[in-house]
Protein chains: 2
Amino acid sequence: MNQDYIKPDNWSIIEEGFDVESVKSSESLFSIGNGAMGQRANFEENYTGETFQGSYIAGIYYPDKTKVGWWKNGYPEYFAKVLNAPNWIGIDVEINGENFNLNACTAVNNFRRELNMKEGWYNRSFEATLKNGTEIAVNVRRFLSLNLDEVGVINYEVTPLNKDAKIIYKPYIDAGVTNEDANWEEKFWEPLDVKHNKNEAFVTARTFKTHFIATTFMQNSIFLNGKDLNLTTENVESSKDKVQFIYAISVAKGEKSSIRKIGGYTVSLNHENTQLAASNVIKSALTKGYDLLLQEQIDAWAKIWEMSDITIDGDVKAQQGIRFNIFQLNQTYLGKDSRLNIGPKGFTGEKYGGSTYWDTEAYCIPFYMATKDQQVARNLLTYRFNQLDKAIENAQNNLGFKKGGGAALYPMVTMNGEECHNEWEITHEEIHRNGAIAFAIFNYYRFTGDYSYIPEKGLEVLIGIARFWHQRASFSKNKNQYVILGVTGPNEYENNVNNNFYTNYIAKWCLDYTYEQIQKVSLEYPSDHKRIMEKVNLSDAELQDWKKVSNGMYFPKSEELGIYLQQDGFLDKDLVPVKDLDRSQRPINQKWSWDRVLRSPYIKQADVLQCFYFFEEHFSKEELNRNFEFYESFTVHESSLSPCVHSIQAAVLDKMDMAYTFYLRTSRLDLDDYNKEVEEGCHITSMAGTWMSIVEGFGGMRVKNDALHFSPKIPKEWEGYSFKINFRNQILKVSINHNDTQFSLEGSKELTVFVNGTPILVEPNSLVTV
Amino acid sequence: MNQDYIKPDNWSIIEEGFDVESVKSSESLFSIGNGAMGQRANFEENYTGETFQGSYIAGIYYPDKTKVGWWKNGYPEYFAKVLNAPNWIGIDVEINGENFNLNACTAVNNFRRELNMKEGWYNRSFEATLKNGTEIAVNVRRFLSLNLDEVGVINYEVTPLNKDAKIIYKPYIDAGVTNEDANWEEKFWEPLDVKHNKNEAFVTARTFKTHFIATTFMQNSIFLNGKDLNLTTENVESSKDKVQFIYAISVAKGEKSSIRKIGGYTVSLNHENTQLAASNVIKSALTKGYDLLLQEQIDAWAKIWEMSDITIDGDVKAQQGIRFNIFQLNQTYLGKDSRLNIGPKGFTGEKYGGSTYWDTEAYCIPFYMATKDQQVARNLLTYRFNQLDKAIENAQNNLGFKKGGGAALYPMVTMNGEECHNEWEITHEEIHRNGAIAFAIFNYYRFTGDYSYIPEKGLEVLIGIARFWHQRASFSKNKNQYVILGVTGPNEYENNVNNNFYTNYIAKWCLDYTYEQIQKVSLEYPSDHKRIMEKVNLSDAELQDWKKVSNGMYFPKSEELGIYLQQDGFLDKDLVPVKDLDRSQRPINQKWSWDRVLRSPYIKQADVLQCFYFFEEHFSKEELNRNFEFYESFTVHESSLSPCVHSIQAAVLDKMDMAYTFYLRTSRLDLDDYNKEVEEGCHITSMAGTWMSIVEGFGGMRVKNDALHFSPKIPKEWEGYSFKINFRNQILKVSINHNDTQFSLEGSKELTVFVNGTPILVEPNSLVTV
């Protein structure tokens, strides 16, 4: 953990000093995104040091043919890749005849990166001495417009410091890019067309197989001392997938030259004619101009923060951590488009091909529900509804037979509804994901009070999922109960176990909840009920069978210890707690062979405790405490999704030191690079867990019977903190310090909230202190 | 199953009629080998239809970099490939200006292949009409000399039938070959040198990485009507990895022309200068000449059959099946070289990279012990002894810690002692293989009476293996017993299970057996004992720990059913017997997704029953019967190693119809292509199981207290059968029919054998009838 690498700051991520060793990590941490596209913090100019180039467009993927040593039946045909998109940021710079390259300078001073989260821009500045002796000051600002979400803007300034300079700016766009993680070293982009006209250029390329078309565009203006030179150039280099303009200017010592580059993508997901669209987008951007685009950016981010900011007083690292998490989540997904979802690395890296995991339902939806309009969460639910047919196909692969038909198994990883991961122990066996998708429907209604989603779309999803569990459970004569054999639970450090408690529990819950919703829709939405029942052809006999499975479900437990067992046989392990494990052995997934990890008792992320998190009200606090004490002692938290759940439960159990430690670990996972892998990208989905740690953990927020409940706590390290909740179209601000809790409400209706069980009336626009 | 494809014959494998669909299958079935090299039955001349080219040299492999989708810690770095060696058989033939190619002829008549197992040669004959109207008769005979085991011989005859013909023979050797199953499409051979001189040519090439050098050579003679034309040619095409001679002759209608090609390999495993060696080998072969080489071949095979033949009267398919099995085993491995072993596909295909599996110890050693000099089995044991250091390294990867040190885990698949397979569920967890390696040492001594191997080499192997089990077992407080968690048993349709009965049992047995051998060596071979104990540093305390683990070992069982459980939780499965499974669902490994296979009760090959096979005398016949009845009902026999064990146990249990059915399935697995995959190669190691089915199954042969026991049975379909056993350097022939059993003995000492428990004295060179 490099504690000094990122400077503490309330609103910005700041790096000072140039270190080739941290370039790739910084490329991840200083990534920018606007929900529609994203860009790692790669340098615009040529750089010969180690770098991981990444530019990503939401919804554009490539089905790379699966590569495994031994094929097992039912493996998915492909592994979807988050595609590295064509380069729109490139600006080669030549200074007095030398190609400028930070890796080849004789000196680099005052190097500073800043990601200004409040205003949504990224800035890089430094002074450098070239081998030819020219000293220059460089300042580059870049942002991806939230308002014109196909547009990125770069303002690249160079000031020669010690002599006059001939500066040649060579901006380019280039579709000749590759992916770091291609299975077969194939190219993913096929160039279709290249055009340029005055200062504008367009490269249109198509992905192989999926045939997404993207026009990458740029428009350039050259400035001297802030004045637009209105320069055009005849000097253009163009190939089948690249266009590069060459602008030469003379700049006197001390004068500031700059190039403003507008660039980005227009894609066939949104446009019939992507090139025409690109041309129009450039016009819109030019009409606004750089200053207005930047001001709009600041305003748009202000609106996002208005809704979703969390303040923490007295702990700048904690403050920076939570804002970084909220900022990255908003850079990744803004909820405008139900075709999109939240990839685990967002727009910061390629790892974890595919965009949608159960992370969305288990971790992200609570954040988006509480900090955005409820339509955003509804769009995330609709995403799964739209992929129901493919989940039904997928279940046939897994179950291999029909019993009532229509069983749905959502894929572990997907872009388009098809499975695109390929380890059998995950894809085929980590089936609990189906439960989280049902749980999100329940959670959406619980939080928003919007039941309409269920008769409209949700019930069909629930029925598909319930049918899966009904068929996937089997009857054990030996136990005289229903069992679920051969699964991998949330703790992926176990594979192919029998009767994972979490899986069995959520399976039973899905059956019961779906059954109840069918009854409710039948009574309250009879025409929807009729439409759905005709479509899914669900008989009473099948429903009764569900009940049989649900009522007869087996749960492994230890009466002696008063805990549920993570799976059958868990107590046969060599139960050495993590605290007695030599530090040199960790992280175990890097130090131990896989079989040793599997036979150990060590837990990657909350498993039994995930069940206690989802279904808290089903268990007593004593039960929670016993299970927490037992399982936490074996948990190594080698998943980014682990500390947040533990933080919340530690807070519930008044273990505030533990809760705070877990909070820090989740909120600064990437900034402090706990897992030594931030160069691959940031852990986006777990950032929603960080938000939960504060709001549900320290704040103790729950929704029960259509009302907000809080049980406010505060780590001793903090002076105070505040967060906002969009509860049913009113914004409630909650501020907590060591003495009291304050509520204020934007909205028109009074709201009763409960604090530690006591009802408190909050009037609109007045402060209530408890 | 194509019952008519191979013609029934007592001594030959015969195919009649040309069918492009069966070319690849026939290439496997008609493969020839001599223990040092092997050759699929590829055509010598150009063939544009589907073909799988394969030529293999024993001990020459390539470490292909492992390719898996997701890397898990401890995966082997490479997957060893059986290498397709340079082509030595190629003879392009041009007839009246047309390249002869069976796939382009207008007619092919009387096409016939014969693999003469008695004499060890392969013949192909047919008449063909070329597109230019020329009709030719072709007869090609090919063999790999047993006596000069670097030499292959081809006699390729062409007779023009309807007109005079200009025939151009173009024999070549070519190192520009590829593997079908290369992970990264790399070339494996790097050409070093090409030479030719008169009718001889040499291509020397080196494998990448492993740097094996092989000189591929040829020498050609052209004949007309049986007379050597003593032709040489100046017309030679030569490239960096290929030499091709061009011999043109005029052949009148009805005259028989032929080319005799001597070819093969000399390799750096055996020679300093492979090219010089090749030159010498050609001289030796030419000195003998074709006729003598063929006669020597016939004589050498006669000697092999003399020792190992099994006759079956009244059932030609069963006779053909067992001879095919014995023939292929002898083609694959003759036991001369302790650096070699028995690959699952022998020299008939590339699949299952690596040459050595536990098949060798569990299935092949009994065959080789009984049909060869005992040195052959000793060589197979020595192979493991020589790889002990690498097995100790491998155990560190698996165990990750030392407890007494020196634990050895033999790899699942190997060429050189390193693991070269890469599925964690196999490589890391199918650890029972270690047990079979220890068992083979016990079995060798039991059969041969040669204890000297144990103090000399075996004890060190046993200690390494015992140490592994000692460390791999862990103590379950819950069960208050030692458990072995996270394993895959012989039934590979279960992965990562706890307490596989077979594994726990053989682990305990290894601990006990090794303990006993240490005591015995200590008393009887004190200097060996001292040497070994100093080397392995084994304390009394560690030995006492072994006893603790052995005495405390847990075995899963069902008191109610009176059976041992294949693993913990087996009875929780949905126990539908195979007979109630829809035929359309089989083979399940082709029809079902892997998770479904795993959670099903279906068994790929004997697992609990393998334990009953190895340790028959530890269990009562009633126990065997209960376990057989239970587990056989769930066994799908989708491993080639499964039917033989079931056949033997069915015979023990007097279920003779079942025993016969299993026998047929094992003996004609490839000839009748039960598993629809013979085109990939033959199942060599399971062929030793076929031999066991007759000798140990029907014949009931066992060795107890240094004596041979028999309990002869005979399938009702047979009139009689006979086999020979090399028991302690005397050859006992056993002939069994429905009335009696006859014994005759080659040797100098009388021998007491037991028939159904009754001692029978057999004098040398006299017949005893019981």
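Residues numbered from 1 in each chain as written. Chains lettered and ligands numbered in written order. Predicted model: local features only at pLDDT ≥ 70, side-chain atom pairs only at ≥ 80, totals over all residues.

Participant: With reference to specific residues and values, describe the interface of chain B and chain A.
Facilitator: Counting residues at the interface gives 43 residues for chain B and 43 residues for chain A. Secondary structure elements with two or more residues in the side of chain B that touches chain A: helix H6 (388-399), strand E23 (474-476), helix H13 (588-591) and helix H14 (594-599) of chain B. Element by element, the count of residues in the side of chain B that touches chain A is highest for H14(B), at five residues. Grouping the amino acids of the side of chain B that touches chain A by side-chain chemistry returns eleven nonpolar, 20 polar and twelve charged. (Contact = placed C-beta atoms within 7 Å. Helix = DSSP H or I, 4+ residues; strand = E, 2+ residues; numbered from the N terminus. Nonpolar A, V, L, I, M, F, W, Y, C, P; charged D, E, K, R; others polar.)

Participant: I'd like to hear about the environment of Glu534(A), residue by residue, with values.
Facilitator: All names here are of chain A. If you trace the backbone, Glu534 turns up in helix H11 (residues 526-536). The exposure class assigned to Glu534 is exposed, which follows from the 9 C-beta atoms found within 10 Å. Separated by 26 residues in sequence, Glu534 and Lys508 place their C-alpha atoms 25 Å apart. (Buried ≥ 20, exposed ≤ 12 C-beta atoms within 10 Å, placed from the backbone.)

Participant: Mind laying out the domain arrangement of chain A, listing which residues take part and the relevant values?
Facilitator: All names here are of chain A. What the domain assignment lists for chain A is domain 1 (12-308), domain 2 (309-372 + 683-770) and domain 3 (385-586). Distance between the C-alpha centres of domain 2 and domain 3: 27 Å. With 15 residues of domain 2 in contact, the opposing surface of domain 3 contributes 18 residues. Sorting elements by how many residues they give to the side of domain 2 that touches domain 3 places helix H4 (residues 359-371) first, with five residues. Taken together, the residues that form the side of domain 2 that touches domain 3 break down as seven nonpolar, five polar and three charged. (Domains from an automatic or database assignment.)

Participant: I'd like a description of the sheet that holds strand E33 (residues 758-762) of chain A, backed by residues and values.
Facilitator: Residue and element names in this part refer to chain A. Here we have four strands laid out as an open sheet, ordered E27-E28-E32-E33, and mixed in their pairing. The two strands at the open ends of the sheet, each matched to only one other strand, are strand E27 (702-704) and E33. The sheet shows a mean angle of 35 degrees between the axes of neighbouring strands, taken without regard to direction. Judged from the three bridges that link them, strand E28 (residues 707-710) and strand E32 (residues 751-755) form a sheet pairing that is parallel. Counterpart to Leu708 in the pairing with E32 is Val753. (Pairing = 2+ DSSP bridges. Axes fitted to C-alpha atoms, helices over the stretch in contact; angles between N-to-C directions.)

Participant: Outline the UniProt feature "binding site: substrate" (unreviewed entry) in chain A, supporting the account with residue identities and numerical values.
Facilitator: All names here are of chain A. When the UniProt feature table is mapped onto this chain numbering, "binding site: substrate" (unreviewed entry) sits at Trp358, Asp359, Lys604 and Gln605. Tracing the chain through its elements places Asp359 in helix H4. Its 24 C-beta neighbours within 10 Å are what place Asp359 among the buried residues. In this structure, Asp359 is in contact with Pro344, Cys364, Leu641 and Thr685, ignoring residues within four places of it in sequence. For Gln605, the position within the fold is in the loop between helix H14 (594-599) and helix H15 (608-614). Dropping the residues within four chain positions of it, Gln605 is found in contact with Pro490, Asn491, His637, Ser639, Leu641 and Ser642. (UniProt positions renumbered as here; feature names shortened; annotations may be inferred.)

Participant: Can you lay out helix H6 (residues 388-399) of chain A for me, pointing to particular residues and giving the numbers?
Facilitator: Compared with an ideal rise of 1.5 Å per residue, which puts twelve residues at 16 Å, H6(A) spans 16 Å between its outermost C-alpha atoms and is within 8% of the ideal. Residues of H6(A) that are buried include every one of Ala391(A), Asn394(A), Ala395(A) and Asn398(A), and no others. An end-on view of H6(A) places all buried positions within 105 degrees of arc, on one side of the element. The secondary structure elements touched by the buried residues of H6(A) are helix H9 (453-472) of chain A together with H14 of chain B. (Expected span 1.5 Å × (residues − 1). Arc of directions from axis to C-beta.)

Participant: Outline the relation of the copies chain B and chain A, listing residues and values.
Facilitator: Note on the copies: chain B fits chain A at an RMSD of 0.1 Å, the axial shift is 0.0 Å, and the rotation between them is 180 degrees. In symmetry terms, the pair is related by a two-fold rotation axis. (Least-squares fit on C-alpha atoms with pLDDT ≥ 70 in both.)

Participant: Go over the packing of helix H17 (residues 642-652) of chain A against helix H18 (residues 656-667) of chain A with me, naming the residues and quoting the values.
Facilitator: Residue and element names in this part refer to chain A. At a minimum axis separation of 8 Å, H17 and H18 run at an interaxial angle of 160 degrees. Taken together, the axes of H17 and H18 lie roughly antiparallel to each other. Where H17 crosses over H18, the two elements pack in a sense that is left-handed. On H18, the residues touching Pro643, Cys644, His646, Ser647, Ala650 and Ala651 of H17 are Met656, Met658, Ala659, Phe662, Tyr663, Arg665 and Thr666. Classifying every residue of the contact of H17 with H18 gives nine nonpolar, three polar and one charged. (Parallel < 35°, antiparallel > 145°, perpendicular 65-115°, else oblique. Left-handed = near helix turned anticlockwise from the far one by under 90°.)

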